[in-house]
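# Architecture and fold: a report
Here are the chains, one letter per residue:
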Amino acid sequence: MKFATKTIHGGLHPDPSTGAVMTPIYQTSTYAQDAPGVHKGYEYARTQNPTRIALEKNLASLENGVDGICFGSGMAAMDAVLKLLNSGDEVLATSDLYGGSYRIITKIYERFGLKGKFISMTDPAEVEKHITPATKLLWIETPTNPMLNIVDIEAVSKVAKKHGILTCVDNTFASPYLQTPLDLGADIVVHSATKYLGGHSDTVLGAVVVKDQALADQLHFIQNASGGIPGPMDCFLVLRGIKTLHLRVARACENAEKIAHYLQGHPKVNKVYWPGFDSHPGHAVAARQMRGFGAMVSFDLHKDEFDEAKKVLSKTHLFTLAESLGGVESLIGHPASMTHASIPKEERLKNGLTDSLIRLSVGVEDVDDLIEDLEKALTFL
Ligand SMILES: *Cc1c(COP(=O)(O)O)cnc(C)c1O
């Protein structure tokens, strides 16, 4: 089955009890049993919910995995993956990663004896040098947030495999339409479905997809034991969002390409970060492992000051100043004070995350209107 068909049909069937074409929202906490232990496979909704299971099967299909496990948020999904590890184990993660991912490792899991090490993964040989006997998980984000660096998933997964380490890719930025890490050798894919999968900025949800049934069983055990499940209404909304994932992401990528080129030619703009440029250090890898260059574009200003960025951030009308990404509407954000405020400034600067860096999540509006909006805002500099 091709991707566009999977978004609509992958892992899904009309509802067996009524024939409903769209997966119903099973808003129930429990299920009637005929006799103790005699039931239809559903006992209690933390453990099984038909709407959630439909979404899990659909996501498994999109990511070419065997099973999906859904959670109340992307962070709850990451939390479940970290619970595969034990005290004393080490996570090797990309250095410019989502602020919340850095926070859960350093502020929560380090208290329980897990260790986090944050390194650039753009050079796979460099990754191997940081592996110790304690390293049990590689945590990859690609494209990275917000610098849009590219990690070679295939090469890094190979290094991990050699050392018996699990590889997990946070695929939120690319979405399975652009990149399927399990096909490239990763063991686990994590999503904040809040972003491209949901696609309409109306739901918070997270997911894990794996290609090994034993690992899926372990994660279902953690899901049931820790309980961070999403509600059925949210699962329904994400299922609904996914049906247009391919259309939305394709258009957003087209828009982002035009915007990246427009910004690169603007006299007030210092540097534009977008993996589609030939000059981007990760361009060749991105061209190989992705089916498009994504709809996230970051740029900074010649005058590198927060106040300069603020002028632009407060003057756009179509680009809404907000956290998050991946919706049909375009968003503009300031990583240093918003998504990445929990990362110390010295750490941020090491990765090129300057005070004037602005991040765009390009939506599916008419690109001429989006460029006009940026043009007007940039005249305030
Ligand atoms: C938003 C985001 C998360 C966290 O997901 P939530 O659904 O907000 O909990 C994790 N990783 C990346 C790359 C994100 O953009």
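My aim in this report is to walk through the structure given alongside it, one point at a time.

### With respect to the sheet that holds strand 2 (residues 90–94)
- Taken in spatial order, the 7 strands of this open sheet run 1-7-6-5-4-2-3, and their pairing is mixed. Pairing within the sheet leaves two strands with one partner each, and these edge strands are strand 1 (67–71) and strand 3 (115–119). For this sheet, the mean inter-axis angle between neighbouring strands, taken without regard to orientation, is 20°.
- Here 4 bridges tie strand 2 to strand 4 (residues 135–141), and the two strands are oriented parallel to one another. Residue pairing in the sheet places L92 in a bridge with L138 of strand 4.
- With respect to the sheet, helix 3 (residues 74–82) is in contact with strand 1, strand 2, strand 4, strand 5 (166–170), strand 6 (188–192) and strand 7 (206–210), its orientation differing from that of strand 6 by roughly 155°.
- Taken strand by strand, helix 8 (residues 213–226) contacts strand 1, strand 5, strand 6 and strand 7, and its axis lies near 20° from that of strand 1.

### A short note on the nonpolar core
- Judged by nonpolar contacts, the single largest core of 67 residues is most densely connected at L55, L59, I259, L263 and L360.
- By residue number, the principal contributor to this core is helix 10 (residues 245–264), which donates 9 residues.
- A domain-level breakdown of this core finds at least three residues from each of domain 1 (3–242) and domain 2 (245–378).
- If near-sequence neighbours (up to four positions away) are discounted, I259 is found in contact with F319, L360, V362, V367, L370, I371 and L374.

### Here we look at the site of the ligand
- Taken together, 14 residues surround the ligand, and among them G74, D170, S192, T194 and K195 come closest.
- Out of a free accessible area of 380 Å², the ligand has 91% covered by protein chains.
- In this structure, the ligand is accommodated by the second largest pocket.
- Along the lines of polarity and charge, the residues of the shell around the ligand split into 6 nonpolar, 5 polar and 3 charged.

What counts, and where the lines are drawn
- Residues numbered from 1 in each chain as written.
- Predicted model: local features only at pLDDT ≥ 70, side-chain atom pairs only at ≥ 80, totals over all residues.
- Heavy atoms only, no water.
- Pairing = 2+ DSSP bridges.
- Helix = DSSP H or I, 4+ residues; strand = E, 2+ residues; numbered from the N terminus.
- Axes fitted to C-alpha atoms, helices over the stretch in contact; angles between N-to-C directions.
- Contact = heavy atoms within 4.5 Å.
- Core = buried A, V, L, I, M, F, W, Y, C linked by side-chain atoms within 4.5 Å.
- Buried < 20%, exposed > 50% of the residue type's maximum accessible area, 1.4 Å probe, protein only.
- Domains from an automatic or database assignment.
- Near = heavy atom within 4 Å.
- Areas by Shrake-Rupley, 256 points an atom, 1.4 Å probe, with all protein chains shown as cover.
- 1 Å grid on protein atoms, 1.4 Å probe; cavity = no way out; pocket = protein on both sides within 12 Å on 5 of 7 lines; lining within 4 Å.
- Sits in = over half its atoms within 2 Å of the grid points.
- Nonpolar A, V, L, I, M, F, W, Y, C, P; charged D, E, K, R; others polar.

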